[in-house]
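# Results of the structural survey
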Amino acid sequence: MSDTYAKLVGAPGPAQQLAKKLGLPRPARLRRTDPTSVDRPLTPGPVLVLSDDASTADADTVAEGLLAWDLDVHRDARLPDHARWGAVVLVLTELPHPAALSAPAMQLGSVLRSLAPGARVVSLSRRAPGPDATTNLAPAVAAARAGVDGFVRSVAKELRNGATANGVVLADDVDVRAPSVRGALRFFLSARSAFVDGQLLAVVSGAGSEPADWARPLTGVAAVVTGAARGIGAEVVRVLARDGAHVLGVDVPAAGESLTSVMNEVHGVALQLDITAEDAAARILDVARSRYGHLDVVVHNAGILRDKLLANMSAEKFDDLTAVNVTAPLRMNETFARPGVLGSASTAPRVISLASTSGIAGNRGQTNYANAKAGLIGMTRALAGSLTDAGGTVNAVAPGFIETEMTASVPPVPRQVMRWASSLQQGGRPVDVAEAIAFLASPQAGGIDGQVLRVCGQLQTGQ
């Protein structure tokens, strides 16, 4: 699917001039992964590391880690004429007071006009107390930590030319050298996070491990993707395979031809199966174990739409969607989330569900869909920690407006409005969702558990 408007105004010519004159959005071309050159270059220019005074030691450690990835790392904001920053990393892990953000914030502000197209701003900070949490933190420290959230999200809304701003939020006992801190930092710096913007991802533990090959972190992993025949599911299959995984693709018999085509592309295995069947999880496990000896990663991607205003909604439309979108994953997880079912001696379990921003903010005409997707988020949070003993995690990805066959059926005007509702002023692509899922499936994401990562270009609804 394509955004004709973005193509017209993205190239020099009368359409671009008219859009500029009228003040209409002119979405930038996003920096995405080249499958023939994954993570090379990791950033489109040198990396500047800034910090508040109290976080200087952590900033030094982070800078050393970036040098190990062969990046051109600077601690001084001066650049040669005409040079552009590829990324700015803002280390705020020991921020003692909201006022202490002023100096690094002003330094960041002074270089924003020198960012390269597709550049990245990434903060590292500590977790602020949640609404239900008790804390021993001093009020000033809690305020400083919470303030970083609003600061980063606001910076993201001010960036242009496909640049994004995101944050890694560390639990108090997590070191900046932890695998998932470095893994999340690398994900946000890279082209893999093209459509992730204004998001703060929590690292809850020091678990996980750095891969031997950052470009193929899923080598030796066996994964299953439901709803694999087309759209986002097909792209998840391709990206997992690109990153080294053996992939089993599942879809209904009616999509068998398309499923076979996708799985043949990646030399994977196609399984025609209705996931609402009582024995769906057992059959998936049997096939995976017979072909690969084990199953490590489960991606609950399958879903359907039955949009109607609630006043016009039939019980059949509501129940059919619920059965596929949330009841089936719940039932399958009764098997997959049991200790010892997923993973092997060298691979850790991962369960990743495809939620939606509709499940976070709600959406007109989608009471059934939003109920199911919010339910997946609840399921994800309830299962957090259930696989910890085996080094496993349970997470979700929540896409916003993604260009697929399904969203192509939306009437043109509301479709364009949905594209422009994000900070990046465009819809995402299925590969953007797939990249986030592949990251959460990787060994370097082992300290990220029970989280929901939005892939929405910073849609203007909810966090």
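Residues numbered from 1 in each chain as written. Predicted model: local features only at pLDDT ≥ 70, side-chain atom pairs only at ≥ 80, totals over all residues. Heavy atoms only, no water.

### A closer look at the layout of surface pockets
Taken as a whole, the largest pocket spans an internal volume of roughly 1,400 Å³. Residue lining of the largest pocket: 50 residues in total, with L305, Y369, T404, M406 and T407 positioned closest to the centre. Put simply, the parts of the chain that give the lining of the largest pocket at least two residues each are α7 (231–242), β8 (246–251), α11 (358–361), α12 (367–383) and α13 (412–420). Across the lining of the largest pocket, the residue classes tally to 25 nonpolar, 18 polar and seven charged. (1 Å grid on protein atoms, 1.4 Å probe; cavity = no way out; pocket = protein on both sides within 12 Å on 5 of 7 lines; lining within 4 Å. Points joined across faces, edges and corners; volume = space filled by probe spheres on them. Helix = DSSP H or I, 4+ residues; strand = E, 2+ residues; numbered from the N terminus. Nonpolar A, V, L, I, M, F, W, Y, C, P; charged D, E, K, R; others polar.)

### Remarks on the packing of aromatic side chains
Summed over all chains, the structure comprises four aromatic pairs. Measuring from centroid to centroid gives 5.6 Å for F187 and F188, while their planes differ by 50°, and the two rings are tilted. Comparing F187 with F188, the two get one shared label, buried. Centroid distance F187 to F439: 4.7 Å. Interplanar angle 10°. Geometry classified as stacked. (Phe/Tyr/Trp six-rings, centres within 6.5 Å; stacked < 30°, edge-to-face > 60°. Buried < 20%, exposed > 50% of the residue type's maximum accessible area, 1.4 Å probe, protein only.)

### A short note on the UniProt feature "domain: Ketoreductase" (unreviewed entry) in the chain
Taking the UniProt record as the reference, the feature "domain: Ketoreductase" (unreviewed entry) is found at residues 221–400. Structurally, residues 221–400 is divided into 43% helix and 17% strand, and its ends, taken at the C-alpha atoms, are 28 Å apart. (UniProt positions renumbered as here; feature names shortened; annotations may be inferred.)

### Some words on the nonpolar core
A general tendency of soluble globular proteins is for nonpolar side chains to be buried together. L66, V89, L124 and L240 are the most contacted members of the largest nonpolar core, which has 73 residues in total. If one sorts the elements of this core by residue count, helix α14 (residues 430–441) sits on top with eight residues. Each of two domains, domain 1 (47–203) and domain 2 (222–455), supplies a minimum of three residues to this core. Ignoring anything within four residues of it in the chain, the contact list for L66 reads V47, V49, L71, V73, V89, R182, L185 and L189. One finds A222, A302, F336 and L342 within the second-largest nonpolar core, a separate group that totals 34 residues. (Core = buried A, V, L, I, M, F, W, Y, C linked by side-chain atoms within 4.5 Å. Domains from an automatic or database assignment. Contact = heavy atoms within 4.5 Å.)

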